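Geometric and topological summary
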Amino acid sequence: LVSDGTAPVKVWAEEQAEATICVKLRRSVHDQAELRVPPTCTIEALIAKYCAQHGGGALTPAQVTLLFDGEKLLPKTTLQAADVEDDDLFDVKVA
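Report on the accompanying structure. Since the model is a prediction, treat every value here as computed from it, not as a measurement.

Considering the nonpolar core
Grouped together as the largest cluster of nonpolar side chains are 22 residues, with contacts concentrated most on Val23, Leu25, Leu46, Leu66, Leu79, Val84 and Phe90. Of all elements in the fold, only strand 3 (21-28), strand 4 (31-37), helix 1 (43-54), strand 5 (64-68) and strand 7 (89-94) reach the threshold of two or more residues within this core. Tallying contributions element by element places helix 1 first for this core, with 5 residues.

Focus: the sheet that holds strand 4
What the 5 strands build is an open sheet, ordered 4-3-7-5-6; its pairing is mixed. Looking at which strands have only one partner, the edges of the open sheet turn out to be strand 4 and strand 6 (71-72). Pairing analysis gives 4 bridges linking strand 5 to strand 7, with the strands arranged antiparallel. Considered in strand 7, the bridge of leucine 67 is made with aspartate 91. Helix-sheet contacts for helix 1 involve strand 3, strand 4, strand 5 and strand 7, and the interaxial angle to strand 4 is about 125 degrees.

Brief notes about the side chain of aspartate 88
With respect to the helices and strands, aspartate 88 occurs in the loop between strand 6 and strand 7. Buried within the structure, aspartate 88 lacks any salt-bridge partner; lysine 24 is the closest side chain of opposite charge, at an N-O distance of 8.7 Å. Only 2.6 Å separates the side chain of aspartate 88 from the backbone nitrogen of glutamate 85, close enough to count as a polar contact. Those residues within four positions of aspartate 88 in sequence are excluded, and the remaining contacts are Cys22, Val23, Lys24, Phe68 and Asp83.

Some words on the pattern of salt bridges
The tally for this structure, following the rule as stated, stands at 2 salt bridges. Residue arginine 26 pairs with aspartate 91 through a salt bridge whose shortest N-O separation is 3.0 Å. Of the two residues, arginine 26 is situated in strand 3 and aspartate 91 in strand 7; the sequence distance between them amounts to 65 residues. The class for arginine 26 is partly exposed, based on a relative accessible area of 31%. Taking the relative accessible area as the measure of exposure, aspartate 91 reaches 24% and is therefore partly exposed. Close ionic contact of glutamate 44 with lysine 76 constitutes a salt bridge, the shortest N to O distance being 2.9 Å. Of this pair, glutamate 44 sits in helix 1 while lysine 76 is found in the loop between strand 6 and strand 7, placing the two residues 32 residues apart along the sequence.

Overview of the environment of lysine 93
Mapping lysine 93 onto the fold places it in strand 7. We classify lysine 93 as partly exposed; its relative accessible area is 44%. Along the primary structure lysine 93 and glutamine 63 are separated by 30 residues, whereas in three dimensions their C-alpha atoms are 8.1 Å apart. Beyond its immediate sequence surroundings of up to four residues, lysine 93 is in contact with Gln63, Val64, Thr65 and Leu67.

Cut-offs used in this document
- Residues numbered from 1 in each chain as written.
- Predicted model: local features only at pLDDT ≥ 70, side-chain atom pairs only at ≥ 80, totals over all residues.
- Heavy atoms only, no water.
- Core = buried A, V, L, I, M, F, W, Y, C linked by side-chain atoms within 4.5 Å.
- Buried < 20%, exposed > 50% of the residue type's maximum accessible area, 1.4 Å probe, protein only.
- Helix = DSSP H or I, 4+ residues; strand = E, 2+ residues; numbered from the N terminus.
- Pairing = 2+ DSSP bridges.
- Contact = heavy atoms within 4.5 Å.
- Axes fitted to C-alpha atoms, helices over the stretch in contact; angles between N-to-C directions.
- Lys, Arg positive; Asp, Glu negative; His and termini not counted.
- Salt bridge = Lys/Arg side-chain N within 4 Å of Asp/Glu carboxyl O.
- Polar contact = N/O pair within 3.5 Å; in protein donor to acceptor, adjacent residues only side chain to side chain.

Structure below.
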């Protein structure tokens, strides 16, 4: 509510949808997935989403490690903290 001093006036604002980025997860040359997630997503949550959508029921998050620019990322790290941007590529390693 915004008031002009006499009576309150309702102001409708467009809801801001949380921005998302598209990241690519590559398990092999012929096995690549694209996921749309918010920059605040953790590596742990990204792995869980990957397993749920592309694991075929046989892949668990405990089996998956993500590498970004050749470095293993810790589970609680956010994409934003790791400087991940739209269309960045992760390598998927399965134990």
